[in-house]
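Single-letter residue listing:
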Amino acid sequence: MRATVTLDEDVIVKLRDRMNTSGASFKQTINACLRQGLEWGTDEALERPFVVEPRPVGVRSDVDIDDIGGLIDLLDGPAQP
């Protein structure tokens, strides 16, 4: 199906960036973006598991992460009476 659509300048910039990154054509890029946008919020999208990629946080060796009060004092300063 052919359609005429007026795109905002910021959308054009994002599409060009996506085209340059993927090497896909304008037609392929816009169809992929539309599919992704139309799928968002559907039951199919909600069925996919959300995956968290764990990363080391680099906690300092002198910080005891099990001492909540100490962590709060470290971040906010000592409690004021």
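Look above for the structure.
Residues numbered from 1 in each chain as written. Predicted model: local features only at pLDDT ≥ 70, side-chain atom pairs only at ≥ 80, totals over all residues. Heavy atoms only, no water.

Asks: Help me understand the side chain of Thr 29 in this model?
Replies: Within the secondary structure, Thr 29 is located in helix H2 (residues 26–39). Here Ser 25 takes part through its backbone oxygen, which lies 2.8 Å from a polar atom of the side chain of Thr 29. Beyond its immediate sequence surroundings of up to four residues, Thr 29 is in contact with Leu 15, Arg 18, Met 19, Ser 22 and Ala 24. (Helix = DSSP H or I, 4+ residues; strand = E, 2+ residues; numbered from the N terminus. Polar contact = N/O pair within 3.5 Å; in protein donor to acceptor, adjacent residues only side chain to side chain. Contact = heavy atoms within 4.5 Å.)

Asks: Is there a simple way to explain the environment of Phe 50 in this structure?
Replies: As for its placement among the helices and strands, Phe 50 is situated in the loop between helix H3 (43–47) and helix H4 (68–76). By relative accessible area, Phe 50 is classed as exposed at 75%. Taking C-alpha positions, Phe 50 is 29 Å from Arg 60, a pair spaced ten residues apart along the chain. (Buried < 20%, exposed > 50% of the residue type's maximum accessible area, 1.4 Å probe, protein only.)

Asks: Can you help me understand the packing of helix H1 (residues 9–22) against H2 in this one?
Replies: Packing of H1 against H2 brings their axes to within 10 Å, and their N-to-C directions diverge by 110 degrees. It follows that H1 is roughly perpendicular to H2 by the angle criterion. In this structure, H1 crosses over H2, and the sense of that crossing is right-handed. Residues Leu 15, Arg 18, Met 19 and Ser 22 of H1 form the contact with H2, whose participating residues are Phe 26, Thr 29, Ile 30, Cys 33 and Gln 36. Taken together, the residues of the contact of H1 with H2 break down into five nonpolar, three polar and one charged. (Axes fitted to C-alpha atoms, helices over the stretch in contact; angles between N-to-C directions. Parallel < 35°, antiparallel > 145°, perpendicular 65-115°, else oblique. Left-handed = near helix turned anticlockwise from the far one by under 90°. Nonpolar A, V, L, I, M, F, W, Y, C, P; charged D, E, K, R; others polar.)

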